[in-house]
Each structure stands twice: as structure tokens, then as C-alpha cells.
Amino acid sequence: MLSLIPKPKICFERKGTFTLPENVVVKSDFDLPLLQAQIGESSYFVIEKDEDISSEGYILSVSEDGIKISASTKTGAYYALQTVRKIGKTDLGLKEIPCCDINDEPKFAWRGLQLDVSRHFFDVDEIKRLLDLMFAEKLNVFHWHLTDDQGWRIEIKKYPLLTEVGSKRKYSQTGGWKSLLTDDVPYSGYYTQEQIKEVVAYAKERGISVVPEIDFPAHCAAAMAAYKHLACREIDTEVPGYFGGMIPQVRDHNFKWNRTVCCGKESTFEFIFNVLDEVCELFDSPYVHMGGDEAPKNEWKECPACQKIMKENGISDEVQLQGWFENRISAYLKEKGKRLIGWNEVLESDNLNTQDKNIVVQYWTPKRDKNAEKYVNSGGSMIMSNHQSFYFDMTYSQYPLDKTYNYNPENYGVNKDNLKNVLGVEGELWSEFIRDREKLDMQAFPRVQALAENAWTPQESLDWDDFKKRLDEYKDVLEALGVNYAVDSVSLPKSPILRTKAQYEFFRSNPYFEVELNREYKSKGER
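So, a few notes on the structure that sits alongside this text.

Rules used throughout
Residues numbered from 1 in each chain as written. Predicted model: local features only at pLDDT ≥ 70, side-chain atom pairs only at ≥ 80, totals over all residues. Heavy atoms only, no water. Helix = DSSP H or I, 4+ residues; strand = E, 2+ residues; numbered from the N terminus. Rg over C-alpha atoms; globule rule 2.2 N^0.38 Å. Contact = heavy atoms within 4.5 Å. Areas by Shrake-Rupley, 256 points an atom, 1.4 Å probe, with all protein chains shown as cover. Lys, Arg positive; Asp, Glu negative; His and termini not counted. Charge placed at Lys NZ, Arg CZ, Asp CG, Glu CD. Salt bridge = Lys/Arg side-chain N within 4 Å of Asp/Glu carboxyl O. Buried < 20%, exposed > 50% of the residue type's maximum accessible area, 1.4 Å probe, protein only. Axes fitted to C-alpha atoms, helices over the stretch in contact; angles between N-to-C directions. Parallel < 35°, antiparallel > 145°, perpendicular 65-115°, else oblique. Left-handed = near helix turned anticlockwise from the far one by under 90°.

Turning our attention to the overall build of the protein. When its secondary structure is counted, the protein shows 19 helices and 17 strands. Relative to the compact-globule value of 24 Å for 527 residues, the protein shows a C-alpha radius of gyration of 24 Å, a close match. Projected onto the principal axes, the alpha-carbon positions of the protein cover approximately 75 × 50 × 45 Å. For the protein, restricting intrachain contacts to residue pairs at least 6 apart in sequence, the fraction spanning at least 24 positions comes to 73%. When the accessible surface of the protein is totalled, it reaches about 21100 Å², and 48% of it is carbon and sulfur. When the 67 basic and 84 acidic side-chain charges of the protein are each reduced to a single mean position, those positions are 3 Å apart.

Here is the structure:
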């Protein structure tokens, strides 16, 4: 059995191995700066360009005499090299590459991982490390959640207060979603535009597109703390440090804090458009994610400016006001050659302009959404991130590893004939209670491996038992790479009592409970 994740589309194993020499020389039709080998004339390691192969596909042939790779793009060639790396376990210092013939290409064009850096910030080195790990699994979209209520993390030169004020908060909630515990420790961090460019270039060389998320009209309290004119009520506010529960009311006695920008002021749109101008210059992705989820309408109901704009435009209620807002943002992005991505709540507005197909919907909600299902089945583009399978910040006690591996869009209302409208799948790493590498790794791995295989491998070829065997072999590599993966006792919990306790701790007391369990199990030699 080839120890390869994700499982290739077509694979034939053969007897024998090819032994890599001490100093590898590769003859390549592509410029491959990431290849750690000498480029030159080689009779035993050849990479050829073949225009007939799909853009991310490759053909790999390993015999006892050498290795031959064919691909139409540099990315395809790199993916073939990742396959060689994995089947030979070269990260462990091994040099024997099993003989095989592989003809491979991905199932989905969008194979994504999202990291929220608003709630907890991860520096450029950590982002690059995550990109390298994504590259190894043939994931190709990094969804970078750069702004939210608790922190604005991207430099916008026209609006310096976004980082001078909006990137800083006085405290953070620590004890779980429904806890009142806080740490009273100031928190800050943001990326300069030069750092953003550095990350985008680093990802691009690895075939990874970076999609920014800049949240409006909600999830933008940090922006409104910096520029209060964005809100319906122009009052002085601070960047909040709470993530959920009753903390705003109990700790800060704040029963009515600004949650959404004012849709009735033209200055709001001028601000957002100016921000998007700088964002679009920094990111070459054809997509910009604008959130659009969990937007409370109370402010708009009581705002004279919002009510006036509704009357002038024949907008019947505040739900339709959000649709009108999203349409303006989408039209502006379209002029800049970009498509808007919004979470599936944007479809609650039946005046949303879906006719020009410029809006991509990302389906996340735990409950079935008939609007989302209607959208994808009528030709709309969709990314699947359904909570039960792809919310990697949640405990394994809620969503064990097999929930990710066995995901099927058809179970969420996508008709077989309309699977072509599904761009792909994406895992979400929300960081409310992920403040360091140890927990980031444990929440993400081995879920990332399950995500990668689900996104790459044909649905009919997915085999949980077979995957589990290959994953167990791959853990040696994860350890060599310093990845703090979740051991089986955590990622596939069996004890109902322990599962209940882990969920209770996560929501009420100690979000690091599974991390501590994982540490304990690993100290005893579990994998």
C-alpha cells in the first residue's frame, strides 16, 4: 500500500523501488525554485511539460531506473513531487521511492483552509508554516480572515486608525463560549502591506491563492471603534474582547453596542470602496470575501438614515436592505474584476442580485439552508464549509475526524446534476479559543489530511478504513515536521462520558481541555 494522502485518482503499484542518489539531478521543463535538487541533464529524473494534462494534474511513473513526471503547469509538477516526497517518506531521510504509475488530478478546483487572525494573531512565519503544510496536502486556497469585531489585522494606508486603534483590544475572553472569564491582557497585532505581499507571493509559488476576508456590514466593531462615523450611532466605542455569551452585558454593562455599519450614509460606501481599492491591489485572487453573516438589523430599524435610504429605493425591510448593500459591494468588485464571496446568510435577501453570477456563496450553517440549496441547484457557485464537517475550531468530541472525511455535498441538498456548481470544500479555523501553535495544530491536524483527500479524491474512491491506515503511517512524517496532530483518542473519541465533558469544558470553562488530553496521551506514547 502506497502511503499517500490524498489518494490519487488512478494508481498502479509495481514491484521494486528507485533509490535516490546522494546528490539528485533533475532535468525539468519548468523553473522549480522550491525543488531541493540540482537542475541539469539527468537520465533518471525527468520532468516534462505536457499541455494535454489538466492544470493541476500530473502523471508520475517510478521504475527501478528512475522517475518521470509529466504536467502542463508548474503546480502540477510540484504536486507530483509532493507525491514522490510522500510515497518515499523523504521527510524521514529515506531514499527508496516505490515503483508505481499514477495518473492524478483533483476532484474540486477549490481546496481551501481558512485561518481567522482577528481573534488571535499569527505572525508571518506561522502563516508561511501553515502554507507549507497546505502545499504538502495539495490544498490550493488560503482564506485569510483578516478583520472582525475583535481586531483589524491589515494595514490600510488611507485609514491608519484601522490598525492604530482597530488592531488593539484591552482583554480577551478565555473560558469558552458561554464563560465570563477574561484575562485583562492587552492584545494587538497586524500585517503591513509589505508583509501581505510577501505572504501572497510565498503562497503563489506553492500554487496557493490567497483570498482575503474583509467583513462588512457586520463583524466590523473594530473598524467602527477606529472610525465611529461608520456606525448608525456615532458614539465612542472600544474594540471588544468578548467572543460570545453574556460578557458585553455582564462585564461592560453594554446592552446596545454597534454591530453593523450604517447603510444610509454614502460615506460608509466611500470608506468600504477605498478599503477594497487597497485590498484588491494587494491580492491577485479573483475573489474577495465580504462575510455578510450574522448581521443584526436592530441598528438599521432605528436609524433615520437607513430608513430614509430604504424609502428612497423602495426597500421593504431591513433584510432587503442588506441585499441592497451586498449588491452595491458586488457591483464595485465586479468593476475591479473580482467576485464577491459571502456566507450563505446573504441569500436571506430575495433582492440579492444573483443573475450575473458574480456572487459566490459559502455554505457554513449547521442547519440545512433551503436558500443555499436553491442557489447552487439553479446554477450559483458555492463553496461547502458545512459546520459539522469543516469547522475545525470545534471539539473532536462534537465533530470527530470521520465527519470531515465522509463529507458529501449531496447530503446538504446539492443535486448530483449540480455538483458542477460546487467550487469545492474548505476547512475553517476560527481562532476565538486558538491562541497558539499547539492548539492550532491539534485542531487542524489530521483534519487537514481528511479535508485534502475529500477535496482531491473521487467520491466513489473514498474509503475511511483505507484512509485511516495511510494516516497512521503518515504520523511519523507529521512528527518529523513538528506538527502537534490529534491522536486517535482525541480525534476519534469513544467514551461518551469524556465526549460530554470535553464539550462542556469547551463551552463553559476550559477550551484547552482536549489539548491537555492530547498532551497526556502523547506522553504515554499514543498516536
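Okay, back to it.
As a further point, take the pattern of salt bridges. By the definition in use, this model includes 42 salt bridges. A salt bridge links E48 to K68; the shortest N-O distance between them is 3.4 Å. Here E48, found in strand β4 (residues 45-49), pairs with K68, found in strand β6 (residues 66-71); they are 20 residues apart in sequence, far enough to count as distant. When its relative accessible area of 31% is taken as the criterion, E48 is described as partly exposed. Looking at K68, the relative accessible area reads 40%, which means it is partly exposed.

Take the packing of helix α2 (residues 124-136) against helix α4 (residues 193-205) next. Helix-helix packing is characterised by the crossing angle of the two axes and by the distance between the axes. The contact between α2 and α4 brings their axes to 10 Å, and the two run at 15°. With respect to α4, the element α2 is oriented roughly parallel. In this structure, the crossing between α2 and α4 has a hand that is right-handed. Here α2 contributes V124, I127, K128, L131 and D132 to the contact with α4, which in turn contributes Q195, E198, V199, Y202 and A203.

By themselves these figures say nothing about function.
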